[in-house]
Amino acid sequence: MTNSLRGFRDILPPDSELFARIEAAARVVFGLYGYQELRIPTLEQKELFVKSTGDTTDIVEKEMYAFTDGGGREVALRPEGTPGVVRAYIQNNLAQTGRNGKYFYLGSMFRAERPQAGRYREFTQIGAEYIGNPAPAADAESISMLVRFLEKAGVAECSVVINSLGCAECRKAYREILLGFLRGKAEKLCEPCRGRIERNPLRALDCKTDGPWLTSEAPKRALCPACETHFSGTQRLLSAAAVAYQVNTSLVRGLDYYTGTVFEVRSGALGSQDAVCGGGRYDDLVKSMGGPAAPAIGWAVGLDRMAMLLKDKPAPDTAPRAFVIAAAKEAGDRAFALLTALRADGISADFSNFELSLKSQMRSAGKSGAAFALLIGEDELKAGTAAVKPMKEGGEQFTVPLAEAPVKIKELLRGI
Ligand code: HAM
């Protein structure tokens, strides 16, 4: 027996249905905001992620599934969706041909992290990117769409945490102040942080080991007047959209491309892997990847983590409404036609094996959770009818002409 790899898992029913429900909620909400779907490749040139996600990030430095393919090309399984969207935006000239710069995607991402509850090596993200709008309204719209999507999917008890990292100028000034501070504390820092503070001092604030104490001791970031105005404008609009949020000036996020607004959605119910969503502005990325100057903002939720939050909530009933049974040897074809007619009329219907005994088929009907069993035996075969048996105790069996069965079942279902 060859098992799946560590950190790679099968999503089985009912979890697979939960995933599909969350995806359906996303499509409904994204449609209201004018987002269109982009399907991007799972495998890209490794260089794409090195240049965008960033070569000092854990994702690129330690977690990427990167390899040389048979043709000698350096490739990587995508660890996140944003670089691929930006590449597609530039490569397909979407700045000219696209509608409004609003794109969503969903699919597997790959990171060779240490697996634990809520952290997998292959996981699913749903992401939304808004390219081309520099205004605070784009930030507020992106975050409020996220919150409406979480609500629609049934996720409650989450907190939205926001911050602004400022523009390149703000960050440059803060970088120097922070670097000075970190150099003075070098002996207190963990090994990886010590190794990278000169290259990327901000990353230390996001470090799992040093982040907590640095958050209280390190100097706080300051914003230039333009960034301050943008950030307060975003907050005003979030309040206007009735989005509850907290400002946390220590939130930095572990990817290199962020500028200005960054945010996360967290849930205490998830334990140590508490981030349901992460996102932010990346105003310089499109240009730095060879595209037009197109400021952008976006986010991605972890579907696996959303599913964990929804696992214990009552699921909508997915049992078939009707279960068709052939109660005579020759009734199989007629029963199959009835099954087809019920489904064609929008009634979810199932069957087991028309060649098995009535008792066995009835047992399957009971297990299926169907509201009604429809039986075709010798009498029904002759009369062109079906016997309808309510599966609830005490329900009276009755007969309907075959052609009327779907209408009758619909009528009865309305009464349940
Ligand atoms: P990220 O914070 O790296 O951001 O990931 C977003 C979400 O993906 C996380 O909040 C988490 O729910 C989920 N996630 C990440 N790693 C794992 C894992 N190993 N197992 C399960 N779930 C995981 C990004 O990926 C950015 N591309 C978001 C973005 C879009 N920023 C701008 N646009």
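Reading the values: the criteria
- Residues numbered from 1 in each chain as written.
- Predicted model: local features only at pLDDT ≥ 70, side-chain atom pairs only at ≥ 80, totals over all residues.
- Heavy atoms only, no water.
- Helix = DSSP H or I, 4+ residues; strand = E, 2+ residues; numbered from the N terminus.
- Buried < 20%, exposed > 50% of the residue type's maximum accessible area, 1.4 Å probe, protein only.
- Contact = heavy atoms within 4.5 Å.
- Areas by Shrake-Rupley, 256 points an atom, 1.4 Å probe, with all protein chains shown as cover.
- Lys, Arg positive; Asp, Glu negative; His and termini not counted.
- Charge placed at Lys NZ, Arg CZ, Asp CG, Glu CD.
- Domains from an automatic or database assignment.
- Core = buried A, V, L, I, M, F, W, Y, C linked by side-chain atoms within 4.5 Å.
- Pairing = 2+ DSSP bridges.
- Axes fitted to C-alpha atoms, helices over the stretch in contact; angles between N-to-C directions.
- Arc of directions from axis to C-beta.
- 1 Å grid on protein atoms, 1.4 Å probe; cavity = no way out; pocket = protein on both sides within 12 Å on 5 of 7 lines; lining within 4 Å.
- Points joined across faces, edges and corners; volume = space filled by probe spheres on them.
- Salt bridge = Lys/Arg side-chain N within 4 Å of Asp/Glu carboxyl O.
- Near = heavy atom within 4 Å.
- Polar contact = N/O pair within 3.5 Å; in protein donor to acceptor, adjacent residues only side chain to side chain.

(A) View of the overall build of the protein chain. For the protein chain, the count of helices and strands is 16 helices and 16 strands. Principal axes of the C-alpha set define a box for the protein chain whose edges measure 90 × 55 × 45 Å. Burial status across the protein chain gives 49% buried among its 416 residues. Contacts in the protein chain between residues at least 24 apart in sequence constitute 69% of all its contacts with a sequence separation of at least 6. Accessible surface computed for the protein chain: about 20,300 Å², of which carbon and sulfur atoms make up 52%. Here the protein chain contributes 53 positive and 50 negative side-chain charges, whose respective centroids are spaced 2 Å apart.

(B) Fine view of the domain arrangement of the protein chain. What the domain assignment lists for the protein chain is domain 1 (15–166 + 223–310) and domain 2 (322–414). Just the C-alpha atoms count here: the centres of domain 1 and domain 2 sit 48 Å apart.

(C) Expanded view of the nonpolar core. Residues Ile131, Leu182 and Leu214 are the most contacted members of the largest nonpolar core, which totals 44 residues. Of all the secondary structure elements, the ones that give two or more residues to this core are helix 4 (82–91), strand 5 (102–110), strand 6 (122–131), helix 7 (168–184), helix 9 (211–217), helix 11 (285–288) and strand 11 (296–302). In terms of residues, this core owes the most to one element, helix 7, which gives five residues. The residues touching Leu182, leaving out its near neighbours within four places in the chain, are Leu189, Ile197, Pro201, Ala204 and Leu214.

(D) Highlighting the sheet that holds strand 12 (residues 322–326). The five strands are arranged 13-12-14-15-16 in an open sheet whose pairing can be described as mixed. Edge positions in the sheet fall to strand 13 (349–350) and strand 16 (398–401), since each of these pairs with one other strand and no more. Judged from the four bridges that link them, strand 14 (residues 372–376) and strand 15 (residues 385–390) form a sheet pairing that is antiparallel. The partner of Phe372 across the bridge, within strand 15, is Pro390. Against the sheet, helix 13 (residues 332–344) makes contact with strand 12, strand 13, strand 14 and strand 15, and its axis sits at roughly 165° relative to strand 12, the strand it touches most.

(E) Seen up close, the side chain of Arg203. Inspection of the secondary structure puts Arg203 in the loop between helix 8 (191–196) and helix 9. What Arg203 contacts, discounting residues up to four positions off in sequence, is Thr56, Thr57, Asp58, Arg196 and Gly254.

(F) Structural context of the sheet that holds strand 2 (residues 43–45). The strand order 2-4-3 describes an open sheet built from three strands, whose pairing is antiparallel. The sheet terminates laterally at strand 2 and strand 3 (66–68), the two strands that pair on one side only. Mean inter-strand twist for the sheet, computed between neighbouring axes without regard to direction, equals 35°. Bridging between strand 3 and strand 4 (residues 74–77) involves three bridges; their strand directions are antiparallel. If you follow Phe67 over to strand 4, its bridge partner there is Val75.

(G) Main features of helix 14 (residues 358–368). Taken together, the buried positions of helix 14 are occupied by Ser360, Gln361, Ala365 and Ser368. All buried residues of helix 14 lie within an arc of 145° about the axis, which places them on one face of the element. Across from the buried face of helix 14, at angles greater than 90 degrees, the exposed residues are Lys359, Arg363 and Lys367.

(H) Up close: the layout of surface pockets. Here the second largest pocket is characterised by a volume of approximately 330 Å³. Along the walls of the second largest pocket sit 16 residues, with Arg171, Asn200, Leu202, Asp256 and Tyr258 positioned nearest its centre.

(I) Structural context of the side chain of Arg119. Here Arg119 is to be found in the loop between strand 5 and strand 6. Looking at Arg119, the relative accessible area reads 9%, which means it is buried. If near-sequence neighbours (up to four positions away) are discounted, Arg119 is found in contact with Glu113, Arg114, Lys208, Gln273 and Arg305.

(J) Representation of the pattern of salt bridges in the model. Enumeration over the complete set of coordinates arrives at 25 salt bridges. Across the pair Asp58 and Arg203 runs a salt bridge whose closest N-O atoms are separated by 3.1 Å. Here Asp58 is found in helix 3 (residues 58–61), whereas its partner Arg203 is found in the loop between helix 8 and helix 9, with 145 residues between them in sequence. Of the two residues, Asp58 and Arg203, both sit in the buried class. Across the pair Glu176 and Arg175 runs a salt bridge whose closest N-O atoms are separated by 3.7 Å. For Glu176, a relative accessible area of 48% gives the class partly exposed. One continuous salt-bridge network, built from bridges that share partners, spans Asp58, Lys62, Arg196, Arg203 and Asp206.

(K) Main features of the site of the ligand. Around the ligand, the surrounding shell holds 26 residues, and the nearest of these are Glu80, Glu113, Tyr120, Glu129 and Tyr258. Between the ligand and the protein, one listed contact pairs a nitrogen atom with a side-chain N or O atom of Glu129 at 2.8 Å. Contact with the protein chains removes 96% of the 660 Å² of surface that the ligand exposes when unbound. Listing elements by their share of the shell around the ligand, those giving two or more residues are strand 6, strand 10 (275–281) and strand 11. At six residues, the largest contribution of residues to the shell around the ligand is made by strand 10.

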